[in-house]
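# Structural overview for review
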Amino acid sequence: MAQLNVNGKSRSCDAEPETPLLWVLREQLGLTGTKYGCGIAQCGACTVHIDGVPTRSCVRPLSTVSATEKIVTIEGLSPDASHVVQKAWDALDVPQCGFCQSGMIMAAVALLKAKPKPSDADIDAAMTNICRCGTYNRVRAAIHLAAGQLQRKAIPITIQTEGGAA
Amino acid sequence: MNAPASTARRFFLQASAASAGGLIIGMHLPALAASEADEINAWVVVQADETVIVRIARSEMGQGTLTGLAQLVAEELECDWVRVRTEYPTPGQNLARKRVWGSFSTGGSRGVRESHDYVRKGGATARLMLVQAAADEWKVATTECTTLKGVVQHKASGRSLSYGKLAGAAAKLTPPAEVKLKDPRDWTLAGKPMKRLDTRGKLDGSQIYGMDLQMPGLLSAAIKDCPVFGGKVKSFDAAAVKAMPGVKLVLQVGESAVAVVADTWWRAKTALDALPIVWDEGVNAAANSTDIAAMLKAGLDAGDAVVGSTQGDALGRIAASARKLEAVYAYPLQNHATMETMNATVRYTPERCEVWTPTQNGEGALAAASEASGLPPAQCEVYKLHLGGGFGRRGAVHDWVRQAVLIAKAMPGTPVKLIWSREEDMQHGRYHPVTQCRLRAGLDAKGKITGLHMRISGQSIIAGIFPQNIKNGLDPVVFQGLSAGGAEGALGYALPDLLIDHAMRNPPVPPGFWRGVNLNQNAIYLECFLDEIAAAAKRDPLELRRELLAGSPKHLAVLNAVAAKAGWGKPAPKGRHRGLAQIMGFGSYVAACAEVSVSKAGDLKIHRIVAATDPGHAVNPQQIQAQVEGSFAYGLSAALFGECTLKNGRIEQSNFGDYPVLKMEHMPAVETIVMPSGGFWGGVGEPTIAVAAPAVLNAIFAATGKRIRELPLRLHSLKA
C-alpha cells in the first residue's frame, strides 16, 4: 500500500509500483481532473505539480513518488477556482472543450512561479501542452493577465456591420 | 493455449468478479429537471426559485453551441440571463416524445444554423404562456402586459409577477398556435459577445467528461482492433494474462478486436499489452501509401469521372488558349486526434442497454447501442457526456459504442467503461479523406482566365459511411464550396467556362467527416491555383480575386475586409510577406490574410492572420471569435504537420510523437473580424479552417517563390 501526499492530504493507494501516477490519481483516488491524453508525456493533459515542479504524471511511476513529496492536482489548486490563473482563465473565457485545460492551468501556474513576468518566448518554451480546439492565444493572454501584464480583461473583437466597424 | 476465433467472445471470469446485477446502488442518472407536465414546453422549464432551464439538443464539444442556443431561447423568453442553466434531454426521451427536440446531430456547423427557428419559437411560446398566465391572474388583456428579465408587468396597475411564480399556471395552458419571432435587429442578449455558460467546471477539474465517469461496481476495458483495416482476430491466448492483477475478463469483440476488462483501466491496458494476439490481416495486408498515391494519380487522367459542376466549354476553351497552366495538388489522410480518446460506459441487462458517452449525435449513439445490443431502441438509452473534442470523429460513426456494448453484453448487469488508448485512437480513426487535384487553366493574351478544369481524384466520405446515398456515382460532399450557387457553399468566382469533376478512388482506410471536411482541400486547390494564375498573369492576387468576385458581393466583402485590415497593398514589415484566401462554406463567407516570414535556413514563422467571417446572423461574436482562432490552430496544424500514412495495411502513426500537432510556439496572432450582414444563418465552427492553409501557402510563395502543392508542409524545405 503506497502512501501519497495529494492536495495536502495523506492518501493510501493500492496499485502496482509501475502504475503511472496519472492512473493512481484518476482511478485509485478519484481525482479525474487530471487527464489522459497520450500516455507518453507529449500532450501535457496530465500535468500535476510535485513539490512545485510541473510533472507529466502519465509517465511517472508510482514507485518513484515518495510519501513526503507534495502532489498538487487541479482540484487542489484552490478551493473555489480563485487562483489568479484560474481567474484569468475565467476572465478571458479560455477553455473550449476544456479537456486540456487542467494541464494548461497547472503548467501556467508553474511558469508564473518560476517567472512572474514571462515573455512570449518564455510562454512558448514552457507551454508545450497540446490543445486541439486551439485556445493557445487565449492561454497566452490569460498568462499575461495573471502576471499583471495585460490591462484589458477581454480579448477585443472587431464587429463590422454595414454601418462600419463597431 | 490459443483460443480459436470461431469461438468468439470466449471469456473467463475470475471468482472475484462482480458478474451479477444489482450492484448499482446510488447511481445518479442524468435526468430532466421537470416532467413533461411541469415544463412550460420541451425547451423551457422555469423553477420556483426563478432558475430557467433551457434544454439543448445539440452537443457541446467546445464550439460554444450550448451558450449560443441558450442565448437564442433566452432572447425570446426575455428571462434573466444570470438565472439560465442548460440540460441535455436524452435521445431516448426524444424518441419517446416523437422527436420533440428535433435532430441531435452536431456536425457540419449546424448547431445554431439549423435549429435557430424552432428553439427561438420554444422561447417565444413559453414567454407568451407566462404572459397569458399573468393576464389570467390579473384578469387583463395580454396586450397590456410586458416582460423584462423574467418578470411579467402590468404597467397600468403597477402589478408584476415573476416567471417562477407563473410557471405552474403557464405549464397548464395550451400553447399558442403561432408566435412571432423578434427581428434580430432588436436582439439584446443574442447577437452580443457573451461568456460561455460552461467554463467554471473546466477551471477546477470538476467537469466530467466521458472518460471521467465513475459509478459503483464499474469495471474498465481496454481494446485492440486489428491494426490492418479489414483484418480479423485469428486467435489470442487469454490464459497468458488471466492471472494479471485486476483482470476480470478477456474477450473477442466482434470479428476484429480483443478486449481486456479489469478493475482499473491501467490494469486492463497492461494485460492487453501483454496478451498474445494473432491477426488474420486479410486482403489489405500489403496496402501502403505509395500505392494509394499512384491510384489517385491515375484518377487524375481517368475517364470515369463524375461531373460535379459544369458550365460553358472549359476543356475547349483551355485547349484553344494561347497560354495554359497546370498543377497537381495533394492532401493527405489525417486523424482528428481529439484530446479525449474514444470512450463509452455501458450497462447491459437482457432488458435494457444504457450508454454514457461523449457523442456529437446522441441519436446515432442510440442506434448503435440498439444494433449492437440486439434490443429495440425503446429499451436502450444514451446519456450524453461532455466531449473532450469532437471535430467530426464522434458524429457519423459510433464504432466505439458498438464495441463497448458488446463488451458489456458479456457481463450483464456490470457497468463497463471502455477507453481507447491514444495508440488505438490514432490507428482506428475515421480519417480525413485523401485526395489529389489537377487544375488546368487557359489564359488569354491579356492574362484573363478562359477556362478552368478541376479534376479531383480520391476518397469519398459518403461512399465510406453512407454508401446508399451515392447516386450515379456522385458524392456531392466532394464538391464542397464549389457549388454553382445555393446557401451552403457557392463558388464566388465568375468562371463561365468551368468543369469540376471527381474520379472516386477509395483506399482501404475508413474515411470520416473531419472538421471542415472537403472544404479544407478544395480551398487549398482553388485558392492556391488562383494565386498561381495571378503570378503567371503578373496580376495582384487581390485584384484578380476582386475582378472575379465582382458579382458575389458577400464573398468580396470578407475579402476586402481582411485586405484592408491587413494592409494589403502597403508594405509589410521587413521580411514579411502576405497571402490571401477566401471561400464560402457551411453557409458562411470567410477570408484570411496571412503574414509570414521565411528565414534563409527555411524556418517559417506565421506572424499574423487577419480573418473575416460573415455568418449572416452572429449569435455570439465572442464565441465566433474563439471558433475563428481555433480554426487556425486546427487548420494550420493540418497544413504544417498533419499526415497519416499507410504501411502494410495499417496506419503508421501511433501517438503525438509521430503525429505532431500545432502547439503554442507555432500559433500566429489572429485578428478576427465578425461581420454579420444579416438575412441568413451560417455556421462558424468549420468554414475558417479552409482558408488557413491556402492563405499561408500563398504567403510562403510570396516570401520564397516556392509553390507547395503537397501537404503537410513539414515534408518540404523552404531553404533559400
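Bear in mind that the values here come from a model prediction, so they are computed numbers and not experimental data.

This part covers the overall build of chain B. The helix and strand tally for chain B stands at 16 helices and 27 strands. At 28 Å, chain B has a C-alpha radius of gyration in line with the 27 Å of a compact globule built from 720 residues. Viewed in the frame of its principal axes, chain B has a C-alpha envelope of about 85 × 75 × 50 Å. Residues classed as buried in chain B amount to 58% of the 720 residues present. Counting contacts in chain B only where the partners sit at least 6 residues apart, residues at least 24 apart contribute 80% of the total.

This brings us to the nonpolar core. Residues and elements named next belong to chain B. In terms of nonpolar packing, the biggest core is built from 274 residues, with Val-260, Ile-407, Val-562, Ala-592 and Val-696 touching the most fellow members. The element contributing the most residues to this core is helix α16 (residues 689–704), with 12 residues. Non-local contacts of Ile-407, meaning those with residues more than four positions away in its chain, are made with Ala-221, Leu-251, Val-253, Ala-259, Val-261, Val-416 and Leu-418.

Residue and element names in this part refer to chain A. Alignment of strand β1 (residues 2–6) against strand β2 (residues 9–13), held across 5 bridges, turns out to be antiparallel. Counterpart to Leu-4 in the pairing with β2 is Arg-11. In sequence, β1 turns back onto β2 through a hairpin of 2 residues, with Asn-7 there showing a positive phi of about 50°. Relative to strand β5 (residues 70–72), β1 runs parallel, the two sharing 2 bridges. Note on β5: the bridge partner recorded for Asn-5 is Lys-70.

As a further point, take the sheet that holds strand β4 (residues 53–56) of chain A. All names here are of chain A. Spatial ordering of the open sheet is given by β2-β1-β5-β3-β4, a layout of 5 strands whose pairing is mixed. In this open sheet, the two strands that pair with only one neighbour each are β2 and β4. Ignoring which end each strand starts from, the neighbouring axes of this sheet average 40° apart. One ladder, built from 4 bridges, connects strand β3 (residues 47–50) with β4; its direction is antiparallel. Note on β4: the bridge partner recorded for His-49 is Pro-54. Its contacts with the sheet place helix α3 (residues 101–114) against β3 and β4, and it is angled at close to 40° to β3.

What follows deals with the sheet that holds strand β17 (residues 380–384) of chain B. Residues and elements named next belong to chain B. One open sheet accounts for 7 strands, arranged β10-β11-β8-β18-β15-β16-β17; its pairing is mixed. Of all the strands in the sheet, just β10 (247–253) and β17 have a single pairing partner and so form its edges. On average, adjacent strands in this sheet sit at an angle of 20° to one another, irrespective of strand direction. With 4 bridges joining them, strand β15 (residues 343–349) and strand β18 (residues 416–419) adopt antiparallel strand pairing. Bridge pairing in β18 places Val-346 opposite Val-416. On the sheet, helix α5 (residues 265–274) packs against β8 (219–225), β10, β11 (257–262) and β18 and is oriented at approximately 30° with respect to β8.

Residues and elements named next belong to chain A. With domains assigned, chain A is organised as domain 1 (2–76) and domain 2 (84–146). Taken over C-alpha atoms, the centre of domain 1 sits 21 Å from the centre of domain 2. Listed as interface residues are 14 residues of domain 1 and, on the opposing side, 12 residues of domain 2. The dominant element in the side of domain 1 that touches domain 2, judged by the number of residues it contributes, is β3, at 3 residues.

Once that is clear, we can look at the interface of chain B and chain A. Taken together, the contact pairs 57 residues of chain B with 53 residues of chain A. Counting only elements with at least two residues in the side of chain B that touches chain A, the list comes to α5, α15 (621–640) and β27 (669–674) of chain B. Among the elements that make up the side of chain B that touches chain A, the one with the highest residue count is α15 of chain B (10 residues). Broken down by class, the residue content of the side of chain B that touches chain A amounts to 27 nonpolar, 19 polar and 11 charged. Across 2 bridges, strand β6 (residues 158–161) of chain A lies against β27 of chain B in parallel orientation. Within β27 of chain B, the residue paired with Ile-159 of chain A across the bridge is Val-674 of chain B.

With an omega dihedral of 5°, the bond running from Leu-711 of chain B to Pro-712 of chain B counts as a cis peptide bond. Tracing the backbone through its elements, the reader meets Pro-712 of chain B in the segment after α16. Positive phi outside glycine occurs at Asp-51 of chain A, with the angle close to 50°. Positionally, Asp-51 of chain A belongs in the loop between β3 and β4.

All names here are of chain B. Averaged over all residues, the pLDDT of chain B equals 94, while 96% of them reach at least 70. The weakest mean pLDDT in chain B belongs to strand β1 (residues 3–4) at 36; the strongest belongs to β11 at 99. Confidence drops under a pLDDT of 50 for residues 1–28, and excluding neighbours within four residues, the segment shows 58 contacts in the predicted structure. Model confidence for the complex: the whole-complex pTM is 0.95, and ipTM, which rates the interface, is 0.97.

Each value, and the rule that gives it
Residues numbered from 1 in each chain as written. Chains lettered and ligands numbered in written order. Predicted model: local features only at pLDDT ≥ 70, side-chain atom pairs only at ≥ 80, totals over all residues. Helix = DSSP H or I, 4+ residues; strand = E, 2+ residues; numbered from the N terminus. Rg over C-alpha atoms; globule rule 2.2 N^0.38 Å. Buried ≥ 20, exposed ≤ 12 C-beta atoms within 10 Å, placed from the backbone. Contact = placed C-beta atoms within 7 Å. Core = buried A, V, L, I, M, F, W, Y, C linked by C-beta atoms within 7 Å. Pairing = 2+ DSSP bridges. Axes fitted to C-alpha atoms, helices over the stretch in contact; angles between N-to-C directions. Domains from an automatic or database assignment. Nonpolar A, V, L, I, M, F, W, Y, C, P; charged D, E, K, R; others polar. pLDDT = per-residue confidence, 0-100.

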